[in-house]
Protein chains: 2
Amino acid sequence: MALELKKRQKKETILACALDLFSKKGYLETPVRDLIDATGFGTSTFYRYFDDKEAVLKALLRDFFNIIMERVKEYYLTEEDLRVRFVETKRVVLEVFIEHRDCAALYARMSGVSDGIDACLKEFDDRYLAQVCDNIRYGIERGIFRDVTPEPVAHAILGFVKYAVYRWVVLKQITARGMITMAVKFHEYLGEGIFTKGQRGK
Amino acid sequence: MALELKKRQKKETILACALDLFSKKGYLETPVRDLIDATGFGTSTFYRYFDDKEAVLKALLRDFFNIIMERVKEYYLTEEDLRVRFVETKRVVLEVFIEHRDCAALYARMSGVSDGIDACLKEFDDRYLAQVCDNIRYGIERGIFRDVTPEPVAHAILGFVKYAVYRWVVLKQITARGMITMAVKFHEYLGEGIFTKGQRGK
């Protein structure tokens, strides 16, 4: 048990060092050698936990994505109104990006870099798209949403989030608060278009 | 004059070779040496036209962006209905991406790679955002759009386009036609939310 703990700590150390280096120097500009040196462990220790640099990046992204999905799940427990959820979930998601700025930067920068990384990002994107689609379908059944096709809506929402995070963390063109304000406004407008009429103008 | 023409042809040859190489091998994986060799020109000829590989990429992207903006301008001459324009402009834009698949791939892959490339992409993005905002403001003045804040809408539209192109050309998760169908649907829904009431349900 103590051994398990020690192993987990080593893995966590590698991940923390990697996040720090990738943020400061860039993922592409960080040789795996620098990463290993930064951990203070030997080369063989590193390779006991990870196949290569890309595997470290993927582990970082996966942990981050799990936090996002977890946080959304928690939020759903506190809010049952589907119309409110539709708008406010994105605030919850963007708050996680803001709290984990370094991970957000990796998410925003790494897309298109390699097939392996794209596949990893796609895993999260597909989970997120599926969740939004499920919610819309549920809302349609309950008469909250009009009979819309969920996929274009889910796609638009994720596209919005991706570009917002990129403008915030890479371009530094918008502030964290500005990003959230914009997300809420957009979802209100889109909500007007897809909620059933009862809600319109409210 | 003949000299001017020859110079332009050389530049065009370099751009064509670069687009071909970047598409086949990837931008990051193409050393500038390979690019120069592919053109058949000497090193000094290459550097007469471009400072480095990034300058070539930027020139390719700028030409592509100019085609997009030009095509949208042409479309506006043929369609005056602001509601139709709101939905159909995105079809026009995506058609240009489809016709220039290699440029679309550069656009979708290169974001986040370097500050210089991001600045180049941002030039286009900002022009596009400004154009969408102008159209919405114009539509508000004419009573076609509700009194919405244009920025979140413009941001959402560009975010939609970026993620659509990425899923089509990088992930190959959706087809070109699927991408357009999705764009039209999304804009219909969003239009429902931001057009003035007269149009609702039409």
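Residues numbered from 1 in each chain as written. Chains lettered and ligands numbered in written order. Predicted model: local features only at pLDDT ≥ 70, side-chain atom pairs only at ≥ 80, totals over all residues. Heavy atoms only, no water.

A. Region of the structure containing helix H6 (residues 101-109) of chain A. For H6(A), the set of buried residues is A:Cys103, A:Ala104, A:Ala105, A:Leu106, A:Tyr107 and A:Ala108. Structurally, H6(A) contributes buried residues whose contacts are with helix H1 (2-25), helix H4 (53-78), helix H5 (82-99), helix H7 (115-141) and helix H8 (150-170) of chain A. (Buried < 20%, exposed > 50% of the residue type's maximum accessible area, 1.4 Å probe, protein only. Helix = DSSP H or I, 4+ residues; strand = E, 2+ residues; numbered from the N terminus. Contact = heavy atoms within 4.5 Å.)

B. Representation of the relation of the copies chain B and chain A. Overlaying chain B with chain A gives an RMSD of 0.0 Å, the required rotation being 180° about an axis along which the chain moves by 0.0 Å. Those values place the two copies in the arrangement expected of a two-fold rotation axis. Within chain B, the C-alpha atom positioned nearest to the axis of rotation is that of B:Gly193, 1.8 Å from it. A shared binding surface is used by both copies, with 100% of the interface residues of chain B retained as interface residues in chain A. (Least-squares fit on C-alpha atoms with pLDDT ≥ 70 in both.)

C. Structural context of the environment of B:Asp134. Turning to its location among the elements, B:Asp134 is positioned in helix H7 (residues 115-141). For B:Asp134 and B:Pro150, which are 16 residues apart along the polypeptide, the C-alpha to C-alpha distance reads 8.2 Å.

D. Inspection of the interface of chain B and chain A at higher detail. Taken residue by residue, the interface counts 40 residues in chain B and 42 residues in chain A. Together chain B and chain A conceal approximately 3700 Å² of surface at their shared face, both sides included; 62% is due to carbon and sulfur atoms. In this assembly, chain B and chain A are joined by zero salt bridges. Where chain B meets chain A, there are 12 residue pairs in polar contact (both at pLDDT 80 or more). At the level of secondary structure, the elements contributing two or more residues to the side of chain B that touches chain A comprise H7, helix H8 (150-170) and helix H9 (176-194) of chain B. Looking at which element gives the most residues to the side of chain B that touches chain A, the answer is H8(B), with 14 residues. Of the residues in the side of chain B that touches chain A, the class split is 20 nonpolar, seven polar and 13 charged. (Buried area = accessible area lost by both parts, 1.4 Å probe. Salt bridge = Lys/Arg side-chain N within 4 Å of Asp/Glu carboxyl O. Polar contact = N/O pair within 3.5 Å; in protein donor to acceptor, adjacent residues only side chain to side chain. Nonpolar A, V, L, I, M, F, W, Y, C, P; charged D, E, K, R; others polar.)

E. Spotlight on unusual backbone geometry. Within the chain, A:Lys172 stands out as a residue other than glycine whose phi angle is a positive 55°. Inspection of the secondary structure puts A:Lys172 in the loop between H8 and helix H9 (176-194).

F. Just the packing of aromatic side chains, in detail. Residue and element names in this part refer to chain B. A complete count under the given rule lists 33 aromatic pairs over all chains for this structure. Where Phe-86 meets Phe-195, the ring centres are 5.6 Å apart and the plane angle is 75°; that geometry is what we call edge-to-face. Highlighted residues: Phe-86 in helix H5 (residues 82-99) and Phe-195 in the segment after H9, separated in sequence by 109 residues. This pair shows no difference in class: Phe-86 is buried, exactly as Phe-195 is. (Phe/Tyr/Trp six-rings, centres within 6.5 Å; stacked < 30°, edge-to-face > 60°.)

G. The arrangement of the environment of B:Thr30 in detail. Residue and element names in this part refer to chain B. With respect to the helices and strands, Thr-30 occurs in the loop between helix H1 (2-25) and helix H2 (32-39). Note on Thr-30: relative accessible area 0%, which makes it buried. Considering only alpha carbons, one finds Thr-30 and Lys-53, 23 residues apart in sequence, at a separation of 8.9 Å. Of note is the side chain of Thr-30, whose polar atom sits 2.7 Å from the backbone oxygen of Gly-26.

H. Quick look at the pattern of salt bridges. Enumeration according to the criterion identifies 24 salt bridges over all chains in this entry. A network of salt bridges, in which partner residues are shared, links A:Asp134, A:Arg137 and A:Glu151.

I. Layout of the confidence of the model for chain A. Of the residues in chain A, 97% reach a pLDDT of 70 or more, and the chain-wide mean stands at 93. Both scores are given for the predicted complex: the pTM is 0.91, the ipTM 0.90. (pLDDT = per-residue confidence, 0-100.)

J. Quick peek at the packing of H1(B) against helix H6 (residues 101-109) of chain B. All names here are of chain B. Between H1 and H6, the least distance of the axes is 10 Å, while the angle of their chain directions is 60°. Pair H1 / H6 crosses with left-handed handedness. Residues Leu-19, Phe-22 and Ser-23 of H1 form the contact with H6, whose participating residues are Asp-102, Cys-103 and Leu-106. Taken together, the residues that form the contact of H1 with H6 break down as four nonpolar, one polar and one charged. (Axes fitted to C-alpha atoms, helices over the stretch in contact; angles between N-to-C directions. Left-handed = near helix turned anticlockwise from the far one by under 90°.)

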